[in-house]
Amino acid sequence: MTLNPMQPAHPAKPATPGAGADIKTFATAVLLTFGTGLLMMDGWALLDSGFGAFLGLVAGGFGIFWWRKIHGKVFPRALSTKAAVILAVINVALALLLLLLVG
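Cut-offs applied
- Throughout this description, residue numbers start from 1 for each chain and increase along the sequence as written.
- In keeping with the model being predicted, local features are shown solely for residues with a pLDDT of at least 70 and side-chain atom pairs are shown and tallied solely at 80 or more, while totals for entire chains, interfaces and linings include all residues.
- Note: side-chain values were computed over all heavy atoms of the structure, leaving out hydrogens and water.
- Strands are runs of DSSP state E lasting at least two residues, helices are runs of H or I lasting at least four, and both sets are numbered from the N terminus onward.
- Think of it in three bands: residues with accessible area under 20% of the maximum for their type are buried, residues over 50% are exposed, and the middle band is partly exposed, with areas taken using a 1.4 Å probe on protein chains only.
- In what follows, a contact means two residues having at least one pair of non-hydrogen atoms within 4.5 Å.
- All accessible areas in this document rest on Shrake-Rupley with a 1.4 Å probe, and a residue is counted as covered only by the protein chains that are shown.
- Any Lys or Arg side-chain nitrogen located within 4 Å of an Asp or Glu carboxyl oxygen qualifies as a salt bridge.
- Remark: nonpolar core denotes a set of buried residues (Ala, Val, Leu, Ile, Met, Phe, Trp, Tyr, Cys) joined through side-chain atoms within 4.5 Å.

Draft legend 1. Broad picture of the overall build of the protein chain. When helices and strands are tallied, the protein chain shows three helices and zero strands. Starting at the N terminus and ending at the C terminus, the protein chain contains elements arranged as α-α-α. Counting all 103 residues of the protein chain, 22% fall into the buried class. A separation threshold of at least 6 residues defines the contact pool for the protein chain, and within that pool the share at least 24 residues apart is 65%. Per element, the accessible surface of the protein chain, about 7700 Å² overall, is 75% carbon and sulfur.

Following this line, the structure appears as structure tokens:
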């Protein structure tokens with residue numbers, strides 16, 4: 001005799017992450033875009049040419065590809081706070097490098 005348990009009439013809905021996840025996703029989008037721009041400006045400042053900006057753009061593209069490989073998506077909904085903070089720290093470091101190069 002096989003036991004067939006009753007199935008619920010409505011399947012369980014997955015829990016939505018909420019507004020905090022939306023804010024982290026938006027912050028990730030802003031920080032990845034801003035970081036790529038900072039890499040372009042750092043490249044321009046280092047090489048004093050548009051080729052440096054191109055190299056910064058390529059480095060930003062590889063960085064975004066690496067981010068997607070680690071997190072599964074470029075903008076994941078379930079992103080840890082630690083990853084968002086590390087991304088912010090990297091952007092601050094790139095901005096400080098740019099200020100040191102220009103100043």
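Draft legend 2. Seen up close, the pattern of salt bridges. As enumerated under the stated definition, the model contains one salt bridge in all. In this structure, D22 engages R77 in a salt bridge whose closest nitrogen and oxygen atoms are separated by 2.3 Å. A residue pair is termed long-range when its members are at least 10 positions apart, and D22 in helix α1 (residues 19-47) and R77 in the loop between α2 (50-71) and α3 (81-102) qualify at 55 residues. Taking the relative accessible area as the measure of exposure, R77 reaches 38% and is therefore partly exposed.

Draft legend 3. View of the side chain of N91. Residue position: N91 is located in helix α3. With residues up to four places along the chain from it excluded, the contact list for N91 reads L31, F34, G35 and L38.

Draft legend 4. Here's a closer look at the nonpolar core. Membership of the largest hydrophobic core is limited to seven residues, which are L31, L32, W67, L79, A83, A84 and L87. Looking at this core, the elements with two or more residues in it are α1 and α3. The contact partners of A83, leaving out residues within four places of it in the chain, are W67 and H71.

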